[in-house]
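Residue strings, one per chain:
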Amino acid sequence: MSFTDRLGGLGFGGDYNPEQWPDEVRAEDVRLMTEAGVNLVTVGVFGWARVEPAPDKYDFSYFDAVMDELAAAGVTVDLATMTASPPPWLATEHPEILPVTQSGTVLAPGGRQHYCPSSPVYRDRAAKLVEALATHYQGHPALGFWHVGNEYGCHVAECFCEESARDFRRWLRRRYGDVEALNAAWCTDFWSQRYTSFDQILPPRLAPTYANPAQQLDFKSFSNEALRACFEIEAAILRRVTPDVPVLTNFLAHHKPVDLHSWADRMDIVGLDSYPDPFCPRSHVAAGLAYDLARGAHGGDPWYLVEQAPSAVNWRRRNGVKEPGLMRLWSWQAIAHGADAVLFFQWRQSRGGAEKFHSAMVPHAGPDTRVHREVAALGAELAAVPELAGTRVANDVAVLFDWNSWWALELDSRPSDGLKAVDRALDHYGPLFDLGVGVDVLPPGADLTPYRLVVVPNLYLLTDEHAHGLAGYVSAGGHLLVSFFTSVVDGNDRVHPGGCPGPLREALGLRVEEFRPAAEGEVFLLGDGTADLWREDVRVEGADVLLAFPDGTPAVTRNRFGTGTARYVTTRPDEKIMRAVLAEALAEAGAEPVLRGLPDGVQAAARTGGGAEFLLLLNHTDEARTVDLPHPLHHLLAPGRPEVEQVTLHPRDVAVLARHSRSEVS
Amino acid sequence: MSFTDRLGGLGFGGDYNPEQWPDEVRAEDVRLMTEAGVNLVTVGVFGWARVEPAPDKYDFSYFDAVMDELAAAGVTVDLATMTASPPPWLATEHPEILPVTQSGTVLAPGGRQHYCPSSPVYRDRAAKLVEALATHYQGHPALGFWHVGNEYGCHVAECFCEESARDFRRWLRRRYGDVEALNAAWCTDFWSQRYTSFDQILPPRLAPTYANPAQQLDFKSFSNEALRACFEIEAAILRRVTPDVPVLTNFLAHHKPVDLHSWADRMDIVGLDSYPDPFCPRSHVAAGLAYDLARGAHGGDPWYLVEQAPSAVNWRRRNGVKEPGLMRLWSWQAIAHGADAVLFFQWRQSRGGAEKFHSAMVPHAGPDTRVHREVAALGAELAAVPELAGTRVANDVAVLFDWNSWWALELDSRPSDGLKAVDRALDHYGPLFDLGVGVDVLPPGADLTPYRLVVVPNLYLLTDEHAHGLAGYVSAGGHLLVSFFTSVVDGNDRVHPGGCPGPLREALGLRVEEFRPAAEGEVFLLGDGTADLWREDVRVEGADVLLAFPDGTPAVTRNRFGTGTARYVTTRPDEKIMRAVLAEALAEAGAEPVLRGLPDGVQAAARTGGGAEFLLLLNHTDEARTVDLPHPLHHLLAPGRPEVEQVTLHPRDVAVLARHSRSEVS
Amino acid sequence: MSFTDRLGGLGFGGDYNPEQWPDEVRAEDVRLMTEAGVNLVTVGVFGWARVEPAPDKYDFSYFDAVMDELAAAGVTVDLATMTASPPPWLATEHPEILPVTQSGTVLAPGGRQHYCPSSPVYRDRAAKLVEALATHYQGHPALGFWHVGNEYGCHVAECFCEESARDFRRWLRRRYGDVEALNAAWCTDFWSQRYTSFDQILPPRLAPTYANPAQQLDFKSFSNEALRACFEIEAAILRRVTPDVPVLTNFLAHHKPVDLHSWADRMDIVGLDSYPDPFCPRSHVAAGLAYDLARGAHGGDPWYLVEQAPSAVNWRRRNGVKEPGLMRLWSWQAIAHGADAVLFFQWRQSRGGAEKFHSAMVPHAGPDTRVHREVAALGAELAAVPELAGTRVANDVAVLFDWNSWWALELDSRPSDGLKAVDRALDHYGPLFDLGVGVDVLPPGADLTPYRLVVVPNLYLLTDEHAHGLAGYVSAGGHLLVSFFTSVVDGNDRVHPGGCPGPLREALGLRVEEFRPAAEGEVFLLGDGTADLWREDVRVEGADVLLAFPDGTPAVTRNRFGTGTARYVTTRPDEKIMRAVLAEALAEAGAEPVLRGLPDGVQAAARTGGGAEFLLLLNHTDEARTVDLPHPLHHLLAPGRPEVEQVTLHPRDVAVLARHSRSEVS
């Protein structure tokens, strides 16, 4: 049984925190859920203070009632472990659990997530609670999934307290064994930082100037693993007590502190929270990158959109609403990128507290509102295509992304502070998206043999092992496109011998003599357009120069290596040039868009499974668009699922098409 | 006897801190004061370290000499209680009095105001000093007023130390009685913040993310009251020892932490410090708002301008001077808004210390300077119109302003951070000012029956009681104009059931489905102009739409309710539209400007009393302006007080006119 | 023997930190050094952790090998005292040495310079190390110079810990003797700050508002001297153990915390680190100011450029490379301003650590690179003109600069925050540079008799003594040009009696009634151009008005005083006006440019000594420039040193010319 089969189709629902209202509201909630097609809700995320009002005194009566009512209504529960926000009494009795900032400020309770991830007291208290919860709810008919913690590291990603210092030292002992190995890895001979004992090492607290970059980088790895250990302690209990209930947590999209690649294989399903900014015209592209990454982190399996906003959020400076149709469009976009569930934060809008201006499936103004009507309509629509659940996405272009490189690239004392990992990834992902090419986003150690083209956007940190993997991919016939400032350092932020691109030098057929960061606002002429941000003094060693600056400096090169090719881009070309460079690489690699001839702004995505092929079309524009299909397809969202050869999409409209719809084959 | 009679006319003078110079300078000071018409000086604001050089050792000899000399010269003293800045020895012996910031930094002595308002040690030391001072100076002929503290909360408005935490808990116990009431009020079920004891509660210290908004709001109320308690401890002593001496303090204009409405009834006279920026062309309008509020907070009584600058201040990034005439103009403006005294900070410019570049009535360059000449001329002018003292201002338009709503509106996690209470009040007050309409600025609980039109600028927090008061005002025939995002939450920052505008829904004849904050810089077309910042999805329920956006969304509505009307503005229209909207409301309400047909940039204000009506005309422009009078009036500032039918005002000029000048009636 | 004779010519080399690489790299290093003409390297700056791995356990074996190898290759060593960055064990055993910020944060180890300058433990540990080092290396053939510490105060210029508080009190006791003198100096009667004991005084830690400005100013003096004491402790040991080895440290250019004037006479050679920003088109002018100041601080003696970058640095937001030729040009510029050595940070680019992206003489990409080739070419060129070493620069225009005034000018609560001491000095120095005039930059107490014109840019703090010195200079026939906001306060930031310009009033023939800071972006019309930033209401008392604003307010005045003249500039004129004002003053003073008729952008500088006169020409533009010489000169960088009457300089080119070249006279 796959996890998806629990729901018999796509998941639809949201966070349900009924403890904010009088008990009598729950009856209306359940009725409205049923009417809106809700089949999955997340319960109990902030339940700790209620179920454990004093140490070791558990009272599950409130959530028993909620679970029973939801079970009766046929709504499955993704039950939270309730450990994301400790109750006040815990901080009062154990102030040592409070996190400490880099400059030594103890963070107070009063918000949420006020715990040091390394705190033994917090971990012990959380484990006891989870044991009690799992024991209490095992076998409950509503229990469908476990939702461990909540948005790990959202507010407290790193803690600099004494407990964290001790834990960091343990981590370093495990990693390096003896202190001389650490000295070598951290290059402590510079700035007189040579340690003679692990006991001398501290987290990179605020120092007079730049802390050792390898120390900073290791601390980011450590902090990621300290958070992950919190998850694992809970997951181990759950898997022991309720082995059949899948375990997930909700990752944040584009969240630097948590290395999704290092957590994903510990999940039964990858859950993702995604809050694109409606004021940003390209936020769906950035969302697409996050979705492709979430899918790619778990072997291409379907993932769950655990949180999104029905309309506005409350935590930006200006919180734009989702114009009519946009919530529907972006929900379908998640499915187009492989999601099997579309959930919201939250069901009913809070009356008080910090998130009361976050939109909800039932707004302050009640169900007779545009937002709730759109929610209910989406629920009905998703319920009409259960056969999409469990189908998969396959692409032949990969983009590499890596948290270690992200962490290292954005440390201080770099040639330019203009290089941001996600922005740079989007500089590559965006043109591919616009070209209609489906992409898998993968870590650098992934198996690349299925891919025709592999794109490497500024992977500053690249280990020898991963570099050799890339070189091997090319020599075996693969096509590679690498952007500047890639393969500069090893896993300890040490420059590769001989400088950039280190172990990729032979495959790329060049070496970099000097980086030439641009001044802010500086623009270079390049071909018919421009470039900015960066240039490099490159000396080709076999590579051909495909595009050069007016002074002859290479901008794009291409090297034949083995039976493949390796391109190198030494600058940030403007979008038009970048699209052309990628198009040429795609063409040479034989990689195709999902659908040829798509009008501007329309996204096409394919999902396959259960003997059917599905084509999703999404109109990201404010104008109508007409798409000609290569062959007749069933229009699954139209009454009677007619076969069509052309689809007209209204502004922000969606079409789901199938070659063999389940209604035919069943 | 009214307080004003003490001076026999308008007060004129400033802070006098002679301890900064050798004793021999005082003789020149007193001579220059006499020549400049000074009749009131504030003495001793920073005297604590001098009068109590060691614990409980008082030495008043220095100030005895000063008081005697001033008495001899006929200058009345507003004697400070000297508690605004504790002496160094107090912080050395009791470092626990030092305030602590939200992130835990202990603020050091070395500046001023370095005390925790809740500190029992500080309060006790201050009380002892005030007892000694009052006992010593009771009956002194120079003693005219008590000046308690100084600019309460100017630098330390909130303290997060352990003592403040204890005091906050006591305050919460008094407010809520039991912790379950607090849990309900604060909505602690969200984010697992449910308290089981008051002892678990802390001030909203820096937390991983947003602290509970109701906690933040209560802490602002508590902090205001902690400061007020410091005032009250001193005032109680003074009223016991010297029951005939009026007690005041100097509030800061537009000062968020101190709720003037909650302090005013504890004052004998409301004192205000006002420092409009000469570089800002509309700063006199903002000053007018502050003056109308100071007057409105104390039942329309005359108030004292306790501090203003003779020319530049020293604490802005760029400190512009007051061009010739501007100091006079702005001094008269305070009187036009109901002030009975015009005082400056400070008499003689400091040689050293933090305020030495703050202008003074006697500049560094001495009395033979433009600034001093203008000061002396103003003194003579004020002395010539003693009959203005004690007269009153009356208007038939009210604008509501409320500190609780200010505090709540500007908390974090709001739909838009672009809504600032004072700016929004000015968006309404400014057009009324430009239309020549006199305005009273009142708290939402004020008696509104005298007013033809009541304007409510974005009163985000509005209690049921106050909302019903407004609805009652309308149903009884009043005219109301309410701007968007009003009546969203109750006194605990909880959204009114059913959403905005909650208890005003019936009176306004509409409900708000969703807020639509604008992106930064976003502008909407509206009528012949534009709007920005905000829109709302409003569903009218009886109200007429007076003005709509191109898509039909209401921008301005009007509802007949009982025998009155209630307008609602869903956006921020540009100035021209806003003026037209207000003009229409004024017209319907039958509210008139002070004087019809005024030229642009000339302010007219009326004061009445003692059988006379005074008309003040102020030319806020750099060009001459001619004003035709409706009937002949005496020109009080002209030699012989001639009757005139027309007044020509030079740039920045002022005219004071009277129907029956005292010179006639006496 | 002069210090320069140690090297037999100009010094060339850089920081050499070979401990970052395996031992075998050193042989290649020494070979490449020899090929590149390196004769001087700085060794051991970050050596402490290596030579003292545990308290009192010294191990010099590593540096013995390095020193021996360098001696064998004939490379002189500037040996560091290794105290700039304490080893980890010291902070672990003695956390009390860690510096504390103004708001109380303890700065952590992990970077460098993590010590409180007043720490007795640090000072004691440093002294023991230096004793051991000096004893060990005395007489070593490679030892040429001692390099004490490193960039004192670069990261930790002020410490606010308890130890610093005690040391500050000791310093204040020495300065003021009794606390009443301090009260008078600090004007503590304002804001109730009167101290009754030195024990009550604290460093100016973060306070509720502005700390006492005299306290702040004294703390800056104290902090400068606390750092200097660290230097002096080490220097005293070195001079006792190795009396023949000259002692220096490397100052930072334009470094506010360290008063170079107060340190210079403790140096045998002034060393300077200079990092002009290649992205800034005028950074060579700012560098020139720093160089002229370094020379002027030590009686005009040759100084050493101890650090500069071969190409990019790593600590700006965007780090631009030095385009081809720029490193050579800027190296020669230092020599043109009197340097006798040109050194780089660092020899070989770091593989790891915080400065790995700082360029080096041997880049990551190795010696076969543009950067290394330019380095080696420069080494050869410098070796070809050994006779320049020891020659001197002489000018007849002086610009005054003073750290006390810098500190005071940039305190808080000033009329305008737009007055920055270095920028204002550049507003005067820049036009002189462009006019081709050689300048000495001197402290206000310097002997001014040799100078025809003395320029005083906004010397806000000017003591009576120094003011009288300036007045005496003028009355004896000197020519003075003073800019606004000069001579406002005395050495305790107390306004001079009667206001600005206090003791310069008679010499300038005017007084200032009021300062009129401009608003941000405000521009005034002035003559054919504009002015901005500032105006003053000046009353002339004898001075002539040379230039006035349209309203008649003086902009530039000139007063005959004794047999000299004193000009005063009341505003910041635009560059063209400022140049004309200075040109007129130069003409009246009879001061000449180095060479008449120079093309734009070409700098000329003269050095003299050993019977020869040298003329250096530097083309700071990107275009070729031709210079006609007044008489034939030997072109020392051309093969055979031909006599030429005209020199054509390529873009960024340099020429070194001599009337009697050593090749002729020897």
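Keep in mind the model is a prediction, meaning the values are calculated, not measured.

1. Things to note about the overall build of chain A
Along chain A, the regular secondary structure elements total 18 helices and 26 strands. For chain A, whose C-alpha radius of gyration is 26 Å, the value lies close to the compact-globule estimate of 26 Å for 666 residues. Considering only contacts in chain A between residues 6 or more positions apart, those separated by 24 or more positions represent 72%. Within the structure as shown, chain A displays about 21,200 Å² of accessible surface, and the carbon and sulfur contribution to it stands at 51%. Here chain A contributes 59 positively and 88 negatively charged side chains, and the mean placements of these two sets differ by 2 Å.

2. Describing the domain arrangement of chain A
The domain architecture assigned to chain A consists of domain 1 (397-589) and domain 2 (602-659). For domain 1 of chain A versus domain 2 of chain A, the distance between C-alpha centres works out to 35 Å.

3. Examining the environment of A:Ala471
Residue and element names in this part refer to chain A. Structurally, Ala471 is set in helix H15 (residues 464-475). A C-alpha to C-alpha distance of 35 Å links Ala471 and Pro204, two positions 267 residues apart in sequence. If sequence neighbours within four positions are ignored, Ala471 has contacts with Leu504, Ala507 and Phe561.

4. Things to note about the sheet that holds strand E16 (residues 529-532) of chain B
All names here are of chain B. Spatial ordering of the open sheet is given by E15-E16-E21, a layout of three strands whose pairing is antiparallel. Strands at the two margins of the open sheet, each flanked by one partner only, are strand E15 (523-526) and strand E21 (572-573). As judged from the four bridges shared by E15 and E16, these two strands associate in the antiparallel manner. Looking at E16, one finds that Phe524 is bridged to Ala531.

5. Digging into the layout of surface pockets
Here the largest pocket defines a volume of roughly 990 Å³. In this structure, the largest pocket is lined by 42 residues; those nearest its centre are A:Pro281, A:His284, A:His620, A:Thr621 and A:Asp622. Of all elements in the fold, only helix H10 (283-296), helix H11 (326-336), helix H14 (421-434) and strand E22 (602-609) of chain A together with strand E14 (510-517) and strand E17 (534-540) of chain B reach the threshold of two or more residues within the lining of the largest pocket. At three residues, the largest contribution of residues to the lining of the largest pocket is made by H11(A). Taken together, the residues of the lining of the largest pocket break down into 19 nonpolar, nine polar and 14 charged. When its volume is computed, the second largest pocket comes out at roughly 850 Å³. What lines the second largest pocket is a set of 33 residues, and nearest its centre among them are A:Leu252, A:Ala253, A:Tyr275, A:Trp315 and A:Arg316. Broken down by element, the lining of the second largest pocket gets its largest block of residues, four residues, from H10(A). A breakdown of the residues in the lining of the second largest pocket according to their chemical character gives 16 nonpolar, nine polar and eight charged.

6. Remarks on the interface of chain B and chain C
Across the contact, 55 residues belong to chain B and 52 residues belong to chain C. Carbon and sulfur atoms supply 55% of the area buried between chain B and chain C, which totals about 4,400 Å² over both sides. Of all residues in chain B, B:Arg318, B:Arg351 and B:Phe357 bury the most surface against chain C, accounting for 18% of the area lost on that side. For the pair chain B and chain C, the interface holds nine salt bridges.

7. Remarks on the pairing of strand E13 (residues 479-483) of chain B
Two faces make up the sheet, and in a regular strand the side chains alternate between them. Residue and element names in this part refer to chain B. Burial within E13 is extensive, with five of its five residues counted as buried. Here E13 shows two buried faces, one formed by His479, Leu481 and Ser483 and the other by Leu480 and Val482. Regarding topology, helix H15 (residues 464-475) serves as the crossover connection from strand E12 (residues 453-456) to the parallel E13, and that connection is right-handed.

8. What to know about the relation of the copies chain B and chain A
Expressed as a screw transformation, the operator carrying chain B onto chain A has a rotation angle of 120° and an axial translation of 0.0 Å, and the superposed copies differ by an RMSD of 0.0 Å. In the structure described here, the two chain copies are related by an operation that fits a three-fold rotation axis. In terms of C-alpha distance to the rotation axis, chain B has B:Thr105 as its closest residue, with the C-alpha 5.0 Å off the axis.

9. Some remarks on H11(A)
Each α-helix turn comprises 3.6 residues. Residues three or four places apart therefore point the same way. Residues and elements named next belong to chain A. For H11, the tally of buried residues reaches ten of eleven residues, placing the bulk of the element in the interior. Along H11, the residues that are buried comprise Leu326, Met327, Leu329, Trp330, Ser331, Trp332, Gln333, Ala334, Ile335 and Ala336. In the segment just after H11, Gly338 is the residue with positive phi, at about 110°.

10. What about the environment of A:Asp412?
Residue and element names in this part refer to chain A. Looking at the secondary structure, you find Asp412 in the loop between helix H13 (403-409) and H14. Apart from the residues within four sequence positions on either side, Asp412 is in contact with Tyr210 and Gln216. Polar side-chain contacts of Asp412 include one of 3.4 Å to the side chain of Ser413.

11. With respect to the interface of chain B and chain A
Often, the extent of an interface is quoted as the loss of accessible area on bringing the components together. The interface of chain B with chain A comprises 52 residues on the first partner and 54 residues on the second. Buried area between chain B and chain A, both sides added, is near 4,400 Å², and the carbon and sulfur share of it is 55%. Three residues, B:Phe190, B:Trp191 and B:Pro208, lead the burial of chain B against chain A; their summed loss comes to 17% of the area buried on that side. Here chain B is connected to chain A by nine salt bridges. Residues A:Arg317 and B:Asp417 are paired through a salt bridge, measuring 2.6 Å at the closest nitrogen-oxygen approach. Linking chain B with chain A are 24 residue pairs in polar contact (both at pLDDT 80 or more). For the side of chain B that touches chain A, the elements supplying multiple residues, two or more each, are helix H8 (213-241) and E14 of chain B. Among the elements that take part in the side of chain B that touches chain A, E14(B) stands out by supplying seven residues, more than any other. Grouping the amino acids of the side of chain B that touches chain A by side-chain chemistry returns 24 nonpolar, 13 polar and 15 charged.

12. Some words on the side chain of C:Ser262
Tracing the chain through its elements places C:Ser262 in helix H9 (residues 260-263). When neighbours within four sequence positions are excluded, C:Ser262 is seen to be in contact with C:Asn224 and C:Arg228.

13. Focus: the side chain of A:Asp259
Residue and element names in this part refer to chain A. Assignment of secondary structure puts Asp259 in the loop between strand E6 (250-252) and helix H9 (260-263). Despite being buried, Asp259 has no salt bridge partner; Arg228 is the closest side chain of opposite charge, sitting 6.4 Å away. Leaving out residues up to four positions away in the same chain, Asp259 has contacts with Asn224, Trp403 and Trp407.

14. Focus: the pattern of salt bridges
Per the stated rule, a full pass over the model turns up 192 salt bridges over all chains. Here B:Arg516 ties to B:Asp537 by a salt bridge, and the two come within 3.2 Å at their closest N and O atoms. One end of the pair, B:Arg516, is in strand E14; the other, B:Asp537, is in strand E17, and 21 residues separate them in sequence. Of the two residues, B:Arg516 and B:Asp537, neither departs from the other in class, the shared state being buried. Notably, a salt bridge pairs C:Arg348 with C:Asp29, separated by 2.9 Å at the nearest N-O pair. Of this pair, C:Arg348 sits in the loop between strand E9 (339-344) and helix H12 (370-383) while C:Asp29 sits in helix H1 (residues 25-36), and the two are 319 residues apart along the sequence. Sharing partners across several salt bridges, the network here consists of A:Glu28, A:Asp29, A:Arg31, A:Glu35 and A:Arg348.

15. Some thoughts on the packing of helix H14 (residues 421-434) of chain B against helix H17 (residues 575-589) of chain B
Residue and element names in this part refer to chain B. Across the interface, H14 lies against H17 with an axial gap of 9 Å and an inter-helix angle of 70°. Classified by the angle between their axes, H14 and H17 sit roughly perpendicular to one another. Crossing of H14 against H17: the hand is right-handed. Counted together, Asp427, His428, Pro431, Leu432 and Asp434 of H14 and Met578, Arg579, Leu582 and Leu586 of H17 form the full contact between these two elements. When its residues are assigned to classes, the contact of H14 with H17 shows five nonpolar, one polar and three charged.

Reading guide: rules and limits
- Residues numbered from 1 in each chain as written.
- Chains lettered and ligands numbered in written order.
- Predicted model: local features only at pLDDT ≥ 70, side-chain atom pairs only at ≥ 80, totals over all residues.
- Heavy atoms only, no water.
- Helix = DSSP H or I, 4+ residues; strand = E, 2+ residues; numbered from the N terminus.
- Rg over C-alpha atoms; globule rule 2.2 N^0.38 Å.
- Contact = heavy atoms within 4.5 Å.
- Areas by Shrake-Rupley, 256 points an atom, 1.4 Å probe, with all protein chains shown as cover.
- Lys, Arg positive; Asp, Glu negative; His and termini not counted.
- Charge placed at Lys NZ, Arg CZ, Asp CG, Glu CD.
- Domains from an automatic or database assignment.
- Pairing = 2+ DSSP bridges.
- 1 Å grid on protein atoms, 1.4 Å probe; cavity = no way out; pocket = protein on both sides within 12 Å on 5 of 7 lines; lining within 4 Å.
- Points joined across faces, edges and corners; volume = space filled by probe spheres on them.
- Nonpolar A, V, L, I, M, F, W, Y, C, P; charged D, E, K, R; others polar.
- Buried area = accessible area lost by both parts, 1.4 Å probe.
- Salt bridge = Lys/Arg side-chain N within 4 Å of Asp/Glu carboxyl O.
- Buried < 20%, exposed > 50% of the residue type's maximum accessible area, 1.4 Å probe, protein only.
- Right-handed = clockwise from strand over helix to strand, strands pointing away.
- Least-squares fit on C-alpha atoms with pLDDT ≥ 70 in both.
- Polar contact = N/O pair within 3.5 Å; in protein donor to acceptor, adjacent residues only side chain to side chain.
- Axes fitted to C-alpha atoms, helices over the stretch in contact; angles between N-to-C directions.
- Parallel < 35°, antiparallel > 145°, perpendicular 65-115°, else oblique.
- Left-handed = near helix turned anticlockwise from the far one by under 90°.

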